[in-house]
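# Fold and contact review
Below, each chain spelled out in residue letters.
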Amino acid sequence: MGHGRKKRRTHVAPTQEEIEKTPKSLVVKSGNIGRTVAELVSDVRRVMQPNTAAKLRERKSNKIKDYVAVSSQLSLTHLMLFSQTETGTNLRIGRIPRGPTLYFRVNKYSLAKDCLRLQKTPHTSDAEYKTAPLIILNNFAGEGKGKELKLMTAMLQNMFPAINPSTMHLSEARRVVLFNYNDETDMVDFRHYTIVVKPVGITKGVKRVILSTNVPSLAGYSDISEYVLREAFASESDMEDGPESAVTLAQDYVGRGNRKNEQRAVRLLELGPRMELKLMKVEGGLCQGEVLFHSYLHKTKEELEKQARVRQIKLTQQARRRQEQESNVERKKGAKKGNSGDASDEDSAADNDDDEDESESEAMSEDSTDRVSKSRRAADDFGADDYEGDTTDDDNSEAGDDEEGGEGNGSDDDDNEPRSSSNSRSAKRARTSKSSNGSSGSVKFGSKRK
């Protein structure tokens, strides 16, 4: 029975501290831009992977404050904003949330598909975008360089995660982003490459046999030496694989035969896009604030001092307005609490009034019940219960007279009903006593009376 494969490699998940330290950028577009600029935005997002939102769908109505509002939740550190005007394409790179911001004019650019179309065998692989690229800054340091170049260097360097050579795995170095500063034109060239290693010291034909994953076809050759020697000449790329360009691999690298302590030649294949940038302006805040540098406008010392005073006045006014708004909010909250307290007092008073009304109605109902019971006991004493349903001729005639009299008076009030009922009851008792003393009508007595 065969044994299962032993796990020799383990994936160590990054800690929370490492995740927080990793810079994350957001590449967006602003306003109405053309189709080619939209493709350029997509290419730059692909360059910044995996520490960016590659499939972000922004709206034209989105403002900078909207991106700043979600920056803390997504741990965003930098904002790259592309826009297009009548004069050309612009790029703003800002530090979230308080700046500074670098304004670039994109003089020229080429899309990634255009760069790959120029290559005979373009190299494309999604596995290369699973790790962050390395950054190379060329010709940024030196004497006579202004402060804006130092600020630009720090900004571009902090957009990509830092590396530690002692703990870094060699297989994570898959791509390179190059920024080259040209002193003569004051332009910054942007390039994006992938790293490829190849065997050194052998001809192109042998490389094809070694690096090929399929068995070569020898149908048109009588011997394998013909296949190997047909490209024995040294091409321009083979001349680059000399001893000075060969390196010894410190660790295993991706690719066939790239083992530790093997000598390999390092190549850079361009992936794109390309951009030629010119620094136009530097602002102290995020797309706002003090202008620290301008390529065309140069102000004197007095103008700078006046500008600083005006800025200080604006900041003071903003602080005063903010304080007034906070005090107004606290005052409105206090007034709302007071109104809610008065409303609760009124509700409690209304509840007490309802309870008193209920108690009074209950007392009145008890009094009415007592009066009814007393009247019933009085009727029992006179034998009213014995005469229920018993009538006489005189009673009928008098009852008709009473009805006619009632109709003539027209008393339909509900308040008079209990009084009329008691009067009719007393009239019954009077007629009953009269009939018992010798009236002509016949009387039918109840069962209880003997």
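This write-up is about the structure you can find in this document. Bear in mind the structure is a predicted one, so any value in this text is a computation, not a measurement.

### Quick notes on the pattern of salt bridges
Per the stated rule, a full pass over the model turns up ten salt bridges. In this structure, E270 and R274 form a salt bridge, with 2.6 Å as the shortest nitrogen-oxygen distance. Accessibility expressed as a relative area gives 12% for E270, which makes it buried. One connected set of salt bridges, linked through shared partners, spans K29, R45 and E58.

### With respect to unusual backbone geometry
With omega at 0°, the peptide bond leading from Q49 into P50 counts as cis. Structurally, P50 is set in the loop between α2 (35-47) and α3 (64-74). Between G272 and P273 the backbone carries a cis peptide bond, its omega angle lying at 5°. Tracing the sequence through the fold places P273 in the loop between β9 (263-270) and β10 (274-283). In the Ramachandran plot, N139 falls in the positive-phi region, its phi being about 70° despite a non-glycine side chain. As for its position among the elements, N139 is in the loop between β5 (134-138) and α5 (147-158). The exposure class assigned to N139 is partly exposed, which follows from its relative accessible area of 31%.

### Here's the deal with the pairing of strand β2 (residues 78-84)
When you tally the buried positions in β2, you get six out of seven residues, the bulk of the element. Relative to β2, strand β1 (residues 25-29) runs parallel, the two being bridged by five bridges. Its bridge partner lying in β2, S25 is registered against H78. As defined by bridge partners, β2 adjoins strand β3 (residues 89-95) across seven bridges and the pair is classed as antiparallel.

Reading the values: the criteria
Residues numbered from 1 in each chain as written. Predicted model: local features only at pLDDT ≥ 70, side-chain atom pairs only at ≥ 80, totals over all residues. Heavy atoms only, no water. Salt bridge = Lys/Arg side-chain N within 4 Å of Asp/Glu carboxyl O. Buried < 20%, exposed > 50% of the residue type's maximum accessible area, 1.4 Å probe, protein only. Helix = DSSP H or I, 4+ residues; strand = E, 2+ residues; numbered from the N terminus. Pairing = 2+ DSSP bridges.

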